[in-house]
Amino acid sequence: MQAMQTKRIYLDNAATTPLCDAAAKAMAPYMESGAQAPFGNANSLHSIGREAFSVLEDARARVARALKAHRPDEIIFTGGATESDNSAIVGMALGARERARLAGKHGPFKVVTSRIEHEAVLETSHMLRALGFEFELVDNDGLGRVTPEALKRVVDENTLVVSVMAANNEVGTIEPVAELCSVAHAAGALFHVDAVQALGKIPVDLKGWGVDAASFSAHKVGGPKGVGVLYLAAKTPYVAYLPGGGQENGRRSGTQNVCGIAGAAAAIEFAVAEQPAYAARARAMRDDLYARLGAIKRVVPSVCVPCGSEEFLPNIVNVCVRGFESQTLILQLDMRGICISGGSACASGSLDPSHVLSALGVERNLAQGELRVSIGVENTQADIDAFFEAFKEAIA
Ligand code: PLP
């Protein structure tokens with residue numbers, strides 16, 4: 001085995017990303033101690049509070065513009081995308097049920113999502129069932145795509161909310177968001193999209209998609225951890241998931257994290273501005289890596305991503321290595337200075353194959369050798385070359 005390398009190469013950007021310059025700069029003043037630094041509560045009436053409020057509202061307007069929302073007050077700041085996903089689905093289901101009951105309907109009401117969603121969406125099933133909702137999963141086409149036809153077969157007049165992600169965090173499949181949203185709306189249901197992995201990688205256009213709600217996370221695009229965005233279109237039925245002091249227009253209580261929100265807005269703006277150039281660079285690296293890995297006998301791509309394909313995220317390469325367990329390979333690569341993951345970071349402590357690969361029909365033994373390389377804004381072809389050399393040594 002080689003000696004520990006000093007330079008580490010980070011290729012796990014779908015798990016989280018390093019802080020970008022713009023975010024660090026926006027947050028720096030808040031890291032100072034004492035009353036001369038900005039520290040106010042954005043809900044206080046005095047000048048220190050009003051200064052914080054103006055930073056908060058500036059961030060809201062900039063995020064709304066970057067995500068192409070209709071208006072700034074559709075943007076709610078949260079404690080991360082897990083909170084945004086939970087709040088959107090449960091909050092809209094409760095709001096829509098109230099509306100349906102007032103219209104004389106009695107259910108049983110249903111929430112529909114797909115098998116390849118992040119746990120932050122799938123695990124809402126427990127709370128929804130406890131609240132009396134039915135929960136149904138729609139299948140994918142084997143490549144991770146939820147087709148409008150498949151969704152049509154599952155939604156009915158009792159469906160209140162449909163939630164399908166914009167792009168999958170493990171294998172990178174991009175979903176037809178606008179079409180799926182139209183199917184939900186035609187059935188009278190609300191539509192939520194988890195757009196965490198799409199942001200900064202493909203164009204995000206909330207108005208164009210026509211969705212009622214969307215979730216984003218700052219730390220996936222060079223922002224701080226623990227700051228999320230929930231987009232909630234105006235007039236969407238919604239019961240606040242976090243009741244309390246009534247901040248964020250009564251839709252999410254809790255004193256706002258002005259420092260983190262300032263950093264998140266800067267990161268989101270930067271990610272959206274950089275998206276076309278980054279996507280082109282990453283796509284070339286993705287294609288090169290799939291081609292090189294595909295030439296190794298024991299490596300099986302988890303999905304077939306044609307060269308240049310824009311139907312999959314430009315920054316994700318996902319393969320299974322026959323005869324290996326992900327964790328062994330991740331640690332072998334880590335010893336060689338390469339940081340990657342086996343599927344999603346949330347599941348990386350688990351020996352069970354990922355629910356996403358299971359939903360794609362990948363056989364269990366093979367899925368245990370899943371590896372995900374996710375290319376970030378700062379990665380270069382030299383990082384991909386270094387990964388490939390280390391990978392060949394690790395499996396030798
Ligand atoms: N949704 C998707 C698709 C994700 O990839 C993640 C993060 O892994 C989340 C939601 C949760 O985001 P957060 O870490 O901000 O809670």
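As recorded by an unreviewed UniProt entry, the protein carries the name cysteine desulfurase and is attributed to Slackia isoflavoniconvertens. UniProt, in its Cofactor (unreviewed entry) section for the protein, records the words "pyridoxal 5'-phosphate". In the Catalytic activity (unreviewed entry) part of its UniProt record, the protein is described as follows: "(sulfur carrier)-H + L-cysteine = (sulfur carrier)-SH + L-alanine".

To continue, consider the pattern of salt bridges. Inspection of every chain in the model, using the stated rule, returns 18 salt bridges. Several salt bridges share partner residues, and in doing so they unite Glu 57, Arg 60 and Glu 248 into one network.

Moving on, we get to the site of the ligand. Around the ligand, 13 residues are found, and the nearest of them are Thr 82, Asp 194, Gln 197, Ser 217 and Lys 220. Bound to the protein, the ligand loses 88% of the 400 Å² it would expose on its own. Partitioned by chemical class, the residues of the shell around the ligand number 3 nonpolar, 7 polar and 3 charged.

On to the sheet that holds strand S12 (residues 370-374). Strand order in the open sheet made by the 3 strands is S9-S10-S12, with antiparallel pairing throughout. The strands lining the two open edges of the sheet, one partner per strand, are strand S9 (299-301) and S12. Here the average twist between neighbouring strands, direction ignored, is 30°. Bridge count between strand S10 (residues 316-321) and S12: 5 bridges; the pairing is antiparallel. Each bridged residue has a counterpart across the sheet, and for Val 317 the counterpart in S12 is Val 373. Where helix H10 (residues 326-335) meets the sheet, its contacts fall on S10 and S12, and the angle it forms with S12 comes to roughly 45°.

On a regular strand, each side chain points to the face opposite its neighbour's, so the side chains alternate between the two faces of the sheet. On strand S2 (residues 75-78), burial covers both faces: Ile 75 and Phe 77 on one face and Ile 76 and Thr 78 on the other are all buried. Where S2 lies against strand S8 (residues 228-232), 4 bridges are found, and the strand directions are antiparallel. The residue bridging Ile 76 from the neighbouring strand is Leu 230, located in S8.

This part takes up unusual backbone geometry. The omega angle of the peptide bond from Gly 107 to Pro 108 is 10°, so this bond is cis rather than trans. As for its placement among the helices and strands, Pro 108 is situated in the loop between helix H3 (81-102) and strand S3 (110-114). Even without glycine at this site, Lys 68 takes up a positive phi of about 60°. As for its placement among the helices and strands, Lys 68 is situated in the loop between helix H2 (47-66) and S2. Owing to a relative accessible area of 43%, Lys 68 belongs among the partly exposed residues under this scheme. With phi around 55°, Asn 249 is a residue other than glycine that occupies positive phi space. Along the polypeptide, Asn 249 turns up in the loop between S8 and helix H9 (258-294).

What counts, and at which threshold
Residues numbered from 1 in each chain as written. Predicted model: local features only at pLDDT ≥ 70, side-chain atom pairs only at ≥ 80, totals over all residues. Heavy atoms only, no water. UniProt positions renumbered as here; feature names shortened; annotations may be inferred. Salt bridge = Lys/Arg side-chain N within 4 Å of Asp/Glu carboxyl O. Near = heavy atom within 4 Å. Areas by Shrake-Rupley, 256 points an atom, 1.4 Å probe, with all protein chains shown as cover. Nonpolar A, V, L, I, M, F, W, Y, C, P; charged D, E, K, R; others polar. Pairing = 2+ DSSP bridges. Helix = DSSP H or I, 4+ residues; strand = E, 2+ residues; numbered from the N terminus. Axes fitted to C-alpha atoms, helices over the stretch in contact; angles between N-to-C directions. Contact = heavy atoms within 4.5 Å. Buried < 20%, exposed > 50% of the residue type's maximum accessible area, 1.4 Å probe, protein only.

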